[in-house]
Amino acid sequence: MGSSLTLTLEQDISVTSASVPPVPPLTPAEIPQPFIDMMLQRKAPGKSVKETSPKVFNADIYRAVVWMLVVSSALVVWFSAPSDGSAAEWKTQMTVAEAIKTSNDSRTEGAPQQQVTNGWFTADALPIISKQLSGLHTAQTTGRVPLLLLVFGLGYGLDVVGRSLGSIYNSRAAKPATNAPKSMAAEAS
């Protein structure tokens, strides 16, 4: 039973191959380029059709390194600038001064005593207000904001220039170096 099946298949194949007309060979213009590349690689194993050197500059790694340096220097600038007190400290001091004023106001009788308690409140509040103004002045004169702008501006410039130079370097590294003179036919086309 197995041999008759094989015989039937062989007969079908021979009949099918005899009924198909022969296919003319392709002209070089009709051959797909990937097929030509594959055939050239088969003829010369170990050599590829287009030899390119690997990229030696990775823009993503460069960008990550540059911006990590920018962020670390921005943190140094931010925390190295002096500060003169904090808003929470000033708020508690003002709350204490207001509580003292309220306590003194409850014990006053008449305008002269009210003027005295207002003077005491002013005397308590002025040092706090001067510390706040000093803190604002220190924050503005330390140059924290201009230094941060400088750091981020230099980082952006370094990023753009470095990636541009890297892409130029990669494009030059990808081109094969040819020192051979061009033929007359190559210059004409």
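That block above? That's the structure.
Since the model is a prediction, treat every value here as computed from it, not as a measurement.

Undergrad: Describe the overall build of the protein, listing the residues and the values that go with them.
TA: Helix and strand content of the protein: 7 helices and 0 strands. Overall, the protein shows an N-to-C arrangement of helices and strands of α-α-α-α-α-α-α. Out of the 189 residues in the protein, the part that is buried amounts to 13%. Expressed as a percentage of contacts within the protein between residues at least 6 apart in sequence, the contacts between residues at least 24 apart total 77%. As displayed, the protein offers around 15100 Å² of accessible surface, 67% of which is attributable to carbon and sulfur atoms.

Undergrad: Account for helix H6 (residues 144-174), with residues named and values stated.
TA: Between its first and last C-alpha atoms H6 spans 44 Å; for 31 residues at 1.5 Å apiece the expected length is 45 Å, and the two agree. Arg144, Leu148, Val151, Gly155, Asp159, Gly162, Gly166 and Asn170 are the residues of H6 that are buried.

Undergrad: Describe the packing of helix H3 (residues 59-80) against H6, and please don't skip the residues or the numbers.
TA: The contact between H3 and H6 brings their axes to 10 Å, and the two run at 170 degrees. Here H3 lies roughly antiparallel to H6, going by the angle between them. Along its contact with H3, which presents Ala59, Tyr62, Arg63, Val66, Trp67, Val70, Ser73, Ala74, Val77 and Trp78, the element H6 presents Arg144, Leu147, Leu148, Val151, Phe152, Gly155, Tyr156, Leu158, Asp159, Gly162 and Arg163. Partitioning the contact of H3 with H6 into residue classes produces 14 nonpolar, 3 polar and 4 charged.

Undergrad: Go over the environment of methionine 94, please, and point to the residues and values.
TA: Mapping methionine 94 onto the fold places it in helix H4 (residues 87-106). Overall, the relative accessible area of 19% leaves methionine 94 in the buried class. Apart from the residues lying within four places of it in its own chain, the contact partners of methionine 94 are Ala125 and Ile128.

Undergrad: Tell me about the environment of glutamine 115, and name the residues and values.
TA: Looking at where glutamine 115 falls in the secondary structure, it is placed in helix H5 (residues 111-141). Separated by 10 residues in sequence, glutamine 115 and aspartate 105 have C-alpha atoms that sit 9.8 Å apart.

Undergrad: So what's going on with a nonpolar patch on the surface? Which residues, and what values?
TA: Side chains of Val71, Leu75, Trp78 and Phe79 sit close together on the surface and give an oily, nonpolar patch of about 440 Å² of accessible area. As for its position among the elements, tryptophan 78 is in helix H3. By relative accessible area, which is 41% here, tryptophan 78 ends up partly exposed.

Undergrad: Outline the pattern of salt bridges, supporting the account with residue identities and numerical values.
TA: Summed over all chains, the structure comprises 3 salt bridges. In this structure, arginine 63 and aspartate 159 form a salt bridge, with 3.3 Å as the shortest nitrogen-oxygen distance. Of this pair, arginine 63 sits in helix H3 while aspartate 159 sits in helix H6, placing them 96 residues apart in sequence. For aspartate 159, a relative accessible area of 2% gives the class buried. Two residues, arginine 163 and aspartate 159, come together in a salt bridge whose shortest N-O distance is 2.9 Å. Of this pair, arginine 163 and aspartate 159 are both found in helix H6, 4 residues apart, which corresponds to roughly one turn of the helix. Taken together, the salt bridges that share partners define one network made up of Arg63, Asp159 and Arg163.

Criteria and cut-off values
Going along each chain's sequence as written, the residues are numbered from 1 onward. With pLDDT at 70 or above as the cut-off, local features in this predicted model cover only qualifying residues; side-chain atom pairs require 80 or more to be listed or tallied, and sums for whole chains, interfaces and linings still use all residues. As a rule here, side-chain values come from all non-hydrogen atoms in the structure, and water together with hydrogens is ignored. In DSSP terms, a helix is any run of H or I states spanning at least four residues, a strand is any run of E spanning at least two, and both are numbered starting from the N terminus. Only protein chains enter the area calculation, which uses a 1.4 Å probe; residues under 20% of their type maximum are buried, those over 50% are exposed, and those in between are partly exposed. What makes two residues a contact is simply this: any of their non-hydrogen atoms within 4.5 Å. For the area figures, the Shrake-Rupley method with a 1.4 Å probe applies, and any residue is considered shielded solely by the protein chains shown. What a helix should span is 1.5 Å times the count of its residues minus one. Only the stretch in contact is used when a helix axis is fitted, and all axes are lines through C-alpha atoms; the angle between N-to-C directions ranges over 0 to 180 degrees. Orientation is classified from the angle alone, with under 35 degrees giving roughly parallel, over 145 giving roughly antiparallel, 65 to 115 giving roughly perpendicular, and any other angle giving oblique. Only Asp, Glu, Lys and Arg are considered charged, only Ala, Val, Leu, Ile, Met, Phe, Trp, Tyr, Cys and Pro nonpolar, and every remaining residue, Gly among them, polar. A residue counts toward a patch only above 30% relative accessible area and without a salt bridge, and it is joined to like-charged neighbours within 9 Å or, for Val, Leu, Ile, Met, Phe, Trp and Tyr, to nonpolar neighbours within 5 Å. Between Lys or Arg on one side and Asp or Glu on the other, a salt bridge is scored when a side-chain nitrogen of the former is within 4 Å of a carboxyl oxygen of the latter.

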